[in-house]
Amino acid sequence: MNSIARFGTRNAYKSCCIFVLSRRLCDSSFDSDKIDSEFYYSDEPLKRMWKGTSFDSDFYETPDNLRGYERGYEGRFSMRQRFFESGREDARRILDVLQQDGPGFDAKAALSEMQMRVSGFLVREVLKGILKNINYVNKTRFAKLGYKFFVWSGQLGTYRHTPNSYHLIMKIFAECEEYRAMWRLVDEMVENGFPTTARTFNILICTCAEAGLARNVVERFIKSKTFNYRPFKHSYNAILHALVSMNQYKLIEWVYQQMLAEGFAPDILTYNIVMYAKYRLGKLEQFHRLLDAMAASGLSPDFHTYNILLHVLGKGDKPLAALNLLNHMKEVGLHPGVHHFTTLIDGLSRAGNLDACKYFFDEMIKNGCMPDVVCYTVIITGFIMAGELENAQAVFGEMIVRGQLPNVFTYNSMIRGYCMAGNFEEACSILKEMEARGCNPNFVVYSTLVSHLRNAGRHSEANEVIQDMVEKGQYVHLLSKIKRFRRC
């Protein structure tokens, strides 16, 4: 707390591109099937998706005659809407043609005969359509189809590829595990005069980290003269931002040392990321030294610094210190929000202090912060882990009454809770309920239910769940992770 007090009462650093310790609700295409734990519901609310400005937004493209002001608002909106609807319909037609590609059918020739007006929006819709439908079985074919369309559209005189279209085809190659082709696209992109950006780096680091090539990617971008790191202060912050989203904590330490050696001064974003990395690596002494260094440099903690500190205090089972920190935030004009209370409750839950969790949950509501789905999921999971199914059921019912729809992680916690209590009928009922509500089960949900059914000797029911998953065409490539499964 003394370190915090030395920061003074200056307002927190504000920037639209500052990272957000955001909730990680299975959005990323690179790890949506992560199954490290049956209680994997968000990899800690503290570890949010580090969101900020979309560095490479897919800006909608509109015809030139829609940009004027001579028309009324309703007319412009109607024409804009028709443009998008027409583009999506053309994309569907193109995807149908590409699916027919093969011996005896020239997809490129068929596309040219369609005489469509190719725009950035159309290219985006086609590539997104291919990306969305990639699976373990068709990945080689879809990589070829995506590149065939990419080359064809780029050869038209009326259209020129953009950094965003390059990034989309790179993501297709990444999902299809065509890594060399992906790197060739990076070189082609630079040769065509497009700078590599934070988005480019993020795609590459996400793909190469699993292959043990993360450091090679970092070194290349540090040395690159075509790396457009904006909106970050410098290239090191852009790199650190991407690394933290990939859990590359040791590499963050190395990049930070390189940054200091090059004479770059850390800002609040740098400190937040490196402190978080030190915390995750269990280096609390270095964590506190960084906090002191931040104070000594005259930087004030921002909302996200406090988020980290609250989680550290919660996981250390120090509710009184956490309460003092929340009060200190108010004193310096930073009012705690749902994110702060959620990360604190999550930490206390992991420490097993459910009484403190309930206290801060009530305090949050008293302070006018209404819990969202992640907050409810955190406290529900805490009750389940402690074997308090009835309390979990009560909170589950309360969140629905308050208009917060459960997500896949909420349902997974409830299914596990019912399984732990031996109520498998209710667990299976919850699975059907979530599907009826339009919430598709992920692999963790199936794995949780199957493993508990098997442990209880209910093998036929477990096989029925697996068969249902397979018939829906979901997670077939992960079947080997469910032991002893044999296809009929």
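Located above this text is the structure these notes cover.
In this report, we go over the structure that sits alongside the text.

About the criteria used
- Residues numbered from 1 in each chain as written.
- Predicted model: local features only at pLDDT ≥ 70, side-chain atom pairs only at ≥ 80, totals over all residues.
- Heavy atoms only, no water.
- Helix = DSSP H or I, 4+ residues; strand = E, 2+ residues; numbered from the N terminus.
- Buried < 20%, exposed > 50% of the residue type's maximum accessible area, 1.4 Å probe, protein only.
- Contact = heavy atoms within 4.5 Å.
- Areas by Shrake-Rupley, 256 points an atom, 1.4 Å probe, with all protein chains shown as cover.
- Salt bridge = Lys/Arg side-chain N within 4 Å of Asp/Glu carboxyl O.
- Expected span 1.5 Å × (residues − 1).
- Arc of directions from axis to C-beta.
- Core = buried A, V, L, I, M, F, W, Y, C linked by side-chain atoms within 4.5 Å.
- Polar contact = N/O pair within 3.5 Å; in protein donor to acceptor, adjacent residues only side chain to side chain.
- Phe/Tyr/Trp six-rings, centres within 6.5 Å; stacked < 30°, edge-to-face > 60°.

1. As for the overall build of the protein chain
Stage number 1. Counting its regular elements, the protein chain contains 23 helices and two strands.
Stage number 2. Buried residues in the protein chain amount to 51% of all 488 residues.
Stage number 3. When contacts within the protein chain are restricted to residue pairs at least 6 apart in sequence, long-range pairs at least 24 apart make up 67% of them.
Stage number 4. Summed over its atoms, the accessible surface of the protein chain is roughly 23,300 Å², and 49% of this surface lies on carbon and sulfur atoms.

2. Points about the pattern of salt bridges
Stage number 1. Going through the model one piece at a time under the given rule, you end up with 15 salt bridges.
Stage number 2. Linking Lys278 and Glu253 is a salt bridge whose minimum nitrogen-to-oxygen distance equals 2.7 Å. Here Lys278, found in helix α12 (residues 268–280), pairs with Glu253, found in helix α11 (residues 249–261); they are 25 residues apart in sequence, far enough to count as distant. Like Lys278, the residue Glu253 is buried in the burial classification.
Stage number 3. A salt bridge links Glu461 to Arg458, with the nearest nitrogen and oxygen atoms 2.7 Å apart.
Stage number 4. The partly exposed category is assigned to Glu461, whose relative accessible area is 25%.
Stage number 5. Each of Glu253, Lys278 and Lys283 takes part in a single network of salt bridges with overlapping partners.

3. Description of helix α13 (residues 284–296)
Residue pairs spaced three or four apart in an α-helix point in one direction, given the helix's 3.6 residues per turn.
Stage number 1. Given a rise of 1.5 Å per residue, 13 residues ought to cover 18 Å, and the 18 Å separating the end C-alpha atoms of α13 matches this to within 8%.
Stage number 2. Taken as a whole, α13 has its buried residues at Phe287, Leu290, Leu291, Met294 and Ala295. Along the axis of α13, the buried positions cluster into a sector of 140°, meaning they face one direction only. Exposed residues on α13 whose side chains face more than 90 degrees from its buried face are Glu285 and Ala296.

4. Describing the nonpolar core
Stage number 1. Ranked by internal contacts, the top residues of the largest apolar core, which has 143 residues, are Phe149, Phe201, Ile205, Val218, Ile252 and Ile415.
Stage number 2. Residue contacts for Val218: discarding those within four places in its chain leaves Phe201, Ile205, Ile239, Leu243, Leu251, Trp254 and Val255.

5. Re the side chain of His340
Stage number 1. Among the secondary structure elements, His340 is positioned in helix α16 (residues 338–350).
Stage number 2. Given the relative accessible area of 5%, His340 is considered buried.
Stage number 3. Polar contacts involving the side chain of His340 include one to the main-chain amide nitrogen of Gly337, which spans 3.0 Å.
Stage number 4. Ignoring sequence-local partners within four residues, the contact set of His340 consists of Phe303, Tyr306, Asn307, Leu310 and Met329.

6. Concerning the packing of aromatic side chains
Stage number 1. Tallying each qualifying case throughout the model produces 16 aromatic pairs.
Stage number 2. An aromatic cluster of three or more residues is present, and its members are Tyr147, Phe150, Tyr166, Phe173 and Phe194.

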